[in-house]
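Report on the structure
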Amino acid sequence: MPRVKRGTKRRARRKKILDRASGYFLTKSKLYRAAQQAVERGLMFAYSGRKQKKRQFRSLWIVRIGAATRPHGLSYSQFVSGLKLAGLDLDRKILADLAVKDSAGFAHLVEQAKAANATKKAEMKKQPVAAKSAPPKTA
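Residues numbered from 1 in each chain as written. Predicted model: local features only at pLDDT ≥ 70, side-chain atom pairs only at ≥ 80, totals over all residues. Heavy atoms only, no water.

Thoughts on the nonpolar core
With 14 residues, the main nonpolar core has Ile65, Phe79, Leu83, Leu95 and Phe106 as its most contacted residues. Every element with two or more residues in this core is listed here: helix H2 (32–69), helix H3 (76–86), helix H4 (92–101) and helix H5 (103–126). The contact partners of Phe106, leaving out residues within four places of it in the chain, are Ile65, Ala68, Thr69, Phe79, Leu95, Leu98 and Ala99. In this structure, Ile17, Ala21, Ala35 and Val39 belong to the second largest nonpolar core, which totals five residues. (Core = buried A, V, L, I, M, F, W, Y, C linked by side-chain atoms within 4.5 Å. Buried < 20%, exposed > 50% of the residue type's maximum accessible area, 1.4 Å probe, protein only. Helix = DSSP H or I, 4+ residues; strand = E, 2+ residues; numbered from the N terminus. Contact = heavy atoms within 4.5 Å.)

Considerations on the side chain of Asn117
Residue placement: Asn117 occurs in helix H5. Reaching out from Asn117, the side chain makes a polar contact with the backbone oxygen of Gln78 at a distance of 3.0 Å. Once residues within four sequence positions are removed from consideration, Asn117 is found in contact with Leu74, Gln78, Ser81, Gly82 and Leu85. (Polar contact = N/O pair within 3.5 Å; in protein donor to acceptor, adjacent residues only side chain to side chain.)

Things to note about the pattern of salt bridges
In this structure the tally under the stated criterion is two salt bridges. The salt bridge involving Lys15 is made with Asp19; its shortest N-O contact spans 3.6 Å. Of this pair, Lys15 and Asp19 are both found in helix H1 (residues 7–20), four residues apart, which corresponds to roughly one turn of the helix. Of the residues examined, Asp19 reaches a relative accessible area of 46% and is grouped as partly exposed. (Salt bridge = Lys/Arg side-chain N within 4 Å of Asp/Glu carboxyl O.)

Here is the structure:
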């Protein structure tokens with residue numbers, strides 16, 4: 001069986017790991033074994049970080065929308081509910097961008113949401129309240 005010499009392949013693999021570890025602190029950027037562990041750990045954090053980024057942006061958009069609706073006398077949930085009732089299907093990213101960059105346009109959306117909420121309340125008042133029946137007793 002021929003002897004295997006790994007010169008170039010080993011060097012290439014190690015160089016790739018050390019290149020990824022450049023910028024790490026002390027031995028983690030210089031010694032292969034420490035760099036390999038640090039890079040593997042960093043890749044795990046990068047994977048989970050890509051998932052967390054989506055959650056964090058969504059919560060940021062919600063905070064921005066809520067902060068922009070408060071001066072108009074609405075909460076975030078009332079605003080989103082009013083938009084759905086009005087048939088306006090805008091995602092949170094767009095709404096947050098409007099809240100930050102186009103306050104007049106956002107104010108128009110808030111007014112539409114308020115109007116939709118008001119009509120819904122008026123409809124709820126018109127409907128008769130059904131008497132609640134007691135659940136049957138079991139023996």
